[in-house]
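What the coordinates show
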Amino acid sequence: MAGIGKCMGIMSGIGLAGGAAASYLIQAPANKTAVKKAEAHAKNGKIKIGGMTPDGKLWDGEMTIDEFKKNLNKKTAITTGLAGVLSAVGTAIIAGLTLLLRGKVK
């Protein structure tokens, strides 16, 4: 039974690392492009942001390039972690089903 747990643990770890790495590698070029575009549109080092409040009023604001990068990095970290966890769960399920079909789990 220890061999089964070890196998599933190793496969889950590989799935976690692989899923997180793939997610990061896919997002990195998009983040660089977004930062370059933000820098191109920035005036005095700030990006204009704004929107509409729930009651229908418009509001204006500004964000520095550093704040934009920080927010982008935080979103990337969250997405990368979530993708890694989901990949690990999927890999563990596949490993468990494979071991079950091979007759190793009784």
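Above this text sits the structure in question.
Summary of the structure given here. (Residues numbered from 1 in each chain as written. Predicted model: local features only at pLDDT ≥ 70, side-chain atom pairs only at ≥ 80, totals over all residues. Heavy atoms only, no water.)

Notes on the pairing of strand β2 (residues 58–64)
For the record, the criterion: If DSSP finds at least two bridges between two strands, the strands pair. A run of H or I in DSSP counts as a helix once it spans at least four residues, and a run of E counts as a strand once it spans at least two, with each numbered from the N terminus.
Inspection of the sheet shows strand β1 (residues 46–52) paired to β2 by 7 bridges, in the antiparallel sense. Its bridge partner lying in β2, I47 is registered against M63. In textbook terms, the turn of a hairpin is the stretch between consecutive antiparallel strands, and for β1 and β2 this stretch comprises 5 residues, one of which, G56, has a positive phi near 95°.

A short note on unusual backbone geometry
What counts is decided by this rule: Remark: exposure states derive from per-residue accessible area (1.4 Å probe, protein chains only) relative to the maximum for the residue type, with buried under 20%, exposed over 50%, and partly exposed in between.
A positive phi angle, near 60°, is found at N44, a position not held by glycine. For N44, a relative accessible area of 81% gives the class exposed.

Some details on helix α2 (residues 65–101)
How we decide: Multiplying 1.5 Å by the helix residue count minus one yields the expected span of that helix.
With 37 residues, α2 ought to run about 54 Å at 1.5 Å a step, and its terminal C-alpha atoms sit 53 Å apart, in line with that. When we look at burial in α2, the residues that qualify are I65, L72, T76, T80, G84, A88, A92, A95, G96 and L99.

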